[in-house]
Amino acid sequence: MVGSPCVYMKIPATDESISSMKEVISLGISVNATLIFCLPKYEAVIDAYLDGLESCGMTDLSKVSSAAAFYISRVDVTLDKKLEQIGTTEALDLKGKGAVARAVLAYQLYQKKFSGPRWERLENRGAKKQRLMWASTNVKNPSYPDTFYVNSLIGPDTISTLPVQALQAFMDHGILSRTLDAKVSEAQDIYNAIEKLGIDWSSVGSELEHEVLDSFTKSFDNVLECMQKKAKLRDFSRAYEPCFQDN
Ligand SMILES: O=C(CO)[C@@H](O)[C@H](O)[C@H](O)[C@H](O)COP(=O)(O)O
């Protein structure tokens with residue numbers, strides 16, 4: 001199963017597991033690097049992918065893939081609270097701008113890291129770029145347009161994970177246009193302005209990493225518990241029913 005080209009091993013981008021990403025990639029197993037909330041962590045994820053490919057013994061690297069899940073809306077939820085606490089006009093003007101600005105800069109980093117001699121050597125062995133994947137694209141603040149994050153993050157070779165509401169909103173009134181690299185210097189200004197107000201991007205990242213890791217752990221434990229119950233009852237007639245429903 002793990003050897004199937006369609007299966008990705010999902011590994012959270014915590015400090016402890018970045019080295020596992022490299023190891024798994026070097027074994028030729030595809031990886032979904034998840035829970036990425038800040039740019040330094042994203043760069044470490046890309047490096048783990050490149051290191052893994054470089055130490056992979058396969059002659060054809062095209063069989064290995066990876067996606068890097070960069071979280072969006074949750075970042076604005078956390079940043080907006082901090083900006084409100086600061087409360088100045090400048091801080092309030094930056095509300096709802098940080099998550100997209102940081103994602104725009106992530107795409108610039110992606111383009112930089114997946115070009116140049118190091119990347120070209122891997123590409124000659126068939127390697128595929130690790131695609132940026134937007135996660136958490138559902139708008140969490142009802143005062144923002146419901147297509148806000150999806151509309152703002154459209155660019156080549158990216159993946160957007162669309163929850164049903166975001167998908168329906170986009171199909172109804174989304175705007176399909178390349179936005180992701182349309183305003184890079186504006187994004188850099190927003191990123192710097194937030195930092196200048198004393199908000200540390202890396203601390204915001206670790207705060208969110210712990211919060212979401214905790215919720216993922218709970219969901220995983222629930223699935224395991226449910227599977228154990230099913231196995232105990234030998235209730236395989238209903239084995240197709242999802243484990244996250246209360247059976
Ligand atoms: O885990 C990944 C990708 O690795 C996400 O795509 C994930 O499925 C969901 O998008 C997020 O967990 C949803 O995030 P949120 O709306 O709860 O903030």
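If you're wondering where the values come from, they're calculated on a predicted model, not measured in any experiment.

Caption draft 1: Spotlight on the site of the ligand. Surveying the vicinity of the ligand reveals the residues Lys10, Asn32, Thr34, Ala69, Tyr71, Arg74, Met133, Ala135, Ser136, Lys140, Thr161 and Phe216. Within the side chain of Asn32, an N or O atom sits 3.2 Å from an oxygen atom of the ligand. In this structure, Lys140 approaches the ligand through a side-chain N or O atom, which is 2.7 Å from an oxygen atom. Sorting the residues of the shell around the ligand by element identifies strand S2 (30-36), strand S3 (66-71) and strand S4 (131-135) as the ones contributing at least two each. Per-class residue counts for the shell around the ligand are five nonpolar, four polar and three charged.

Caption draft 2: Geometry of the side chain of Asn32. Within the secondary structure, Asn32 sits in strand S2. Residue Asn32 is classed as buried on the basis of its relative accessible area, which comes to 14%. In this structure Asn32 touches Tyr8, Met9, Lys10, Ile11, Ala67, Ala69 and Met133, once residues within four positions along its chain are discounted.

Caption draft 3: View of the packing of helix H2 (residues 39-54) against helix H5 (residues 98-113). Across the interface, H2 lies against H5 with an axial gap of 10 Å and an inter-helix angle of 25°. When the axis of H2 is compared with that of H5, the two are roughly parallel. Of the two possible hands of crossing, H2 and H5 adopt the one that is right-handed. Across the interface between the two elements, Leu39, Tyr42, Glu43, Ile46, Asp47 and Leu50 of H2 pack against Arg102, Leu105, Ala106, Leu109, Tyr110 and Lys113 of H5. The class makeup of the residues in the contact of H2 with H5 is eight nonpolar, no polar and four charged.

Caption draft 4: Just the packing of aromatic side chains, in detail. This structure, assessed with the given rule, holds ten aromatic pairs. Measuring from ring centre to ring centre gives 5.5 Å for Tyr107 and Tyr110, while their planes differ by 15°; the resulting arrangement is stacked. Taken as a pair, Tyr107 and Tyr110 lie in helix H5 at a separation of three residues, close to a single helical turn. Relative accessible area serves as the criterion here: at 3%, Tyr110 is assigned to the buried category. A centroid spacing of 5.0 Å and a plane angle of 85° characterise the contact between Phe114 and Trp119, whose relative ring orientation is edge-to-face.

About the cut-offs
- Residues numbered from 1 in each chain as written.
- Predicted model: local features only at pLDDT ≥ 70, side-chain atom pairs only at ≥ 80, totals over all residues.
- Heavy atoms only, no water.
- Near = heavy atom within 4 Å.
- Polar contact = N/O pair within 3.5 Å; in protein donor to acceptor, adjacent residues only side chain to side chain.
- Helix = DSSP H or I, 4+ residues; strand = E, 2+ residues; numbered from the N terminus.
- Nonpolar A, V, L, I, M, F, W, Y, C, P; charged D, E, K, R; others polar.
- Buried < 20%, exposed > 50% of the residue type's maximum accessible area, 1.4 Å probe, protein only.
- Contact = heavy atoms within 4.5 Å.
- Axes fitted to C-alpha atoms, helices over the stretch in contact; angles between N-to-C directions.
- Parallel < 35°, antiparallel > 145°, perpendicular 65-115°, else oblique.
- Left-handed = near helix turned anticlockwise from the far one by under 90°.
- Phe/Tyr/Trp six-rings, centres within 6.5 Å; stacked < 30°, edge-to-face > 60°.

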